[in-house]
Amino acid sequence: MGCDGGTIPRRDELVTVKKKPEKKDKDAEMEAKWKNCQLTQEKLRAPIVACELGRLYNKESVLELLLDRSKFECTPSFLHIKALKDIKVLNLTENKDYSRDKNGEIVGSYLDHAGAQYMCPVVGLEMSGRYKFCFLWGCGCVVSQRAMKEVKSEVCHKCGKSYTKEDIVILNGDEDDNKVMEENMEARRARAKLEKKAKKAQKHKATIESKDGTTVTNSDIQLINGKTASADRGNGKQTNGIPTKKSRLVISDKPEQNPTVKIQDDPSRSKVYKSLFTTSKEAKNQTKGHWVTFNPQYFH
């Protein structure tokens, strides 16, 4: 049965061999990470931004993600991006030897797939994925990791701004780098919250200095309408004893700007100006009602 006619079966036809798993194309993987947006897989175009985990995006795509997350299927992978403060615009250095124009079309006859549009400004390495690159969270300048090791400094090699070790974010790092970036991200956000609380506490404790050099504490603050701070706490106009924007303070040396000085007792006002108000003597002694509202103080 079978093998008639002198046919000779091969081993692979009789024995089932376990198939080897398919290997990823490293060049294609690097090109997808370093030349495409991680959200939409479109070609990277300026302005290019990066998150605190070192992933590259088009800024336009991040704005669309913040406006409507339902458009993207990979939304759970980008939960750490909640606002524009969670990304940083990168300050990249153009590679003059790059053989493509702004539209991504080939310029010239030779096509170099390993070429990159950007490079390190210190040592000249191309940002193609073959070398590790990082950026500083404070200024957004991108340099190679080799430049950071060879030229050790406490300021940025490109703009001169100072930075700390926690400000260094590795672009498209491996699993170990991603763990370190997550720890730095959590520490950076916790530090930002503490700084925000400290600034609020300083505003509440600060005193207000008037022009003549006297200080006014929270208990001495009075509102424009003459009510004290304790009277307006029930109306929601006070926050920890400090008036909100609706209840502004007026502290001045001039009597016409001070609400505690009456208009009739103000020596800088003329008699004609004072006679316009119902508190003047002429208004009180008139023989008929006031033209604006009825005045019961006139005499017959």
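Everything quoted here is computed from the prediction, not taken from an experiment. (Residues numbered from 1 in each chain as written. Predicted model: local features only at pLDDT ≥ 70, side-chain atom pairs only at ≥ 80, totals over all residues. Heavy atoms only, no water.)

A.B. asks: Help me understand the overall build of the protein chain in this model?
C.D. replies: Scanning the protein chain from N- to C-terminus turns up seven helices and 12 strands. Counting the 300 residues in the protein chain, one finds 28% classified as buried. Look at the contacts in the protein chain between residues 6 or more apart in sequence, and 41% of them connect residues 24 or more apart. Here the protein chain has roughly 22000 Å² of accessible surface; of this, 52% comes from carbon and sulfur atoms. (Helix = DSSP H or I, 4+ residues; strand = E, 2+ residues; numbered from the N terminus. Buried < 20%, exposed > 50% of the residue type's maximum accessible area, 1.4 Å probe, protein only. Contact = heavy atoms within 4.5 Å. Areas by Shrake-Rupley, 256 points an atom, 1.4 Å probe, with all protein chains shown as cover.)

A.B. asks: Explain the pairing of strand β1 (residues 48–51) to me, please; I cannot follow it from the model alone.
C.D. replies: A regular strand places its side chains on the two faces of the sheet in alternate fashion. Residue alternation in β1 divides its side chains into two sets, Ile48 and Ala50 and Val49 and Cys51, and both sets are buried. Pairing geometry for β1 and strand β2 (residues 56–58), over three bridges, is antiparallel. Among the inter-strand pairings, Ile48 is bridged to a residue of β2, identified as Asn58. Count of turn residues in the β1/β2 antiparallel hairpin: four residues, of which Gly54 carries a positive phi of about 90 degrees. Relative to strand β3 (residues 87–89), β1 runs antiparallel, the two sharing three bridges. (Pairing = 2+ DSSP bridges.)

A.B. asks: Would you explain a positive patch on the surface in this entry?
C.D. replies: On the surface, a cluster of positive charge is contributed by Lys82, Lys85, Lys193, Lys196, Lys197, Lys199, Lys200 and Lys203. Mapped onto the elements of the fold, Lys199 is located in helix α5 (residues 175–205). (Patch = residues over 30% accessible without salt bridge, like charges linked within 9 Å, V, L, I, M, F, W, Y side chains within 5 Å. Salt bridge = Lys/Arg side-chain N within 4 Å of Asp/Glu carboxyl O. Lys, Arg positive; Asp, Glu negative; His and termini not counted. Charge placed at Lys NZ, Arg CZ, Asp CG, Glu CD.)

A.B. asks: Would you explain the sheet that holds β3 in this entry?
C.D. replies: Strand pairs in the sheet, formed through backbone hydrogen bonds, run parallel or antiparallel to each other. Taken in spatial order, the three strands of this open sheet run β2-β1-β3, and their pairing is antiparallel. The sheet is open, and its two borders are formed by β2 and β3, each paired with just one other strand. Sheet twist, expressed as the mean angle between neighbouring strand axes with direction ignored, is 40 degrees. Across the sheet, helix α3 (residues 59–67) is in contact with β1, β2 and β3; its angle to β2 comes to roughly 80 degrees. (Axes fitted to C-alpha atoms, helices over the stretch in contact; angles between N-to-C directions.)

A.B. asks: I would appreciate a short explanation of the sheet that holds strand β8 (residues 168–170) in the present structure.
C.D. replies: Taken together, the three strands give an open sheet; going across it, the order is β7-β6-β8, and neighbouring strands pair in antiparallel fashion. In this open sheet, the two strands that pair with only one neighbour each are β7 (142–144) and β8. Pairwise comparison of adjacent strand axes, ignoring direction, gives a mean angle of 35 degrees for this sheet. Direction of pairing for strand β6 (residues 133–136) relative to β7: antiparallel, over a ladder of three bridges. Considered in β7, the bridge of Phe135 is made with Val142.

A.B. asks: Looking at this model, I keep getting lost on the packing of aromatic side chains. Mind explaining?
C.D. replies: Centre distance and the angle of the planes are the two values used to describe a pair of aromatic rings. Scanning the model with the defined rule gives four aromatic pairs in all. Centroid distance Tyr57 to Phe78: 5.7 Å. Interplanar angle 75 degrees. Geometry classified as edge-to-face. Note that Tyr57 is positioned in strand β2 and Phe78 in the loop between α3 and β3, a separation of 21 residues in sequence. The residues Tyr57 and Phe78 share a single accessibility class, namely buried. The ring of Trp137 has Lys88 lying over it, and the distance from NZ or CZ to the ring centre is 5.4 Å. (Phe/Tyr/Trp six-rings, centres within 6.5 Å; stacked < 30°, edge-to-face > 60°. Lys NZ or Arg CZ within 6 Å of the ring centre and 35° of its normal.)

A.B. asks: Looking at this model, I keep getting lost on the pattern of salt bridges. Mind explaining?
C.D. replies: Opposite charge on two side chains allows them to pair when their charged atoms are near. Scanning the entire structure with this criterion turns up 10 salt bridges. One salt bridge in this structure joins Glu52 and Arg188, with 2.8 Å as the shortest N-O distance. Taken together, the residues Glu52 in the loop between β1 and β2 and Arg188 in helix α5 connect sequence positions 136 residues apart. The pair Glu52 / Arg188 is uniform in exposure class, with both members buried. One salt bridge connects Lys132 with Asp177, and the closest N-O pair in it is separated by 3.0 Å. Here Asp177 lies in helix α5 and Lys132 lies in the loop between β5 (118–119) and β6, a separation of 45 residues in the sequence. The buried category is assigned to Asp177, whose relative accessible area is 13%.

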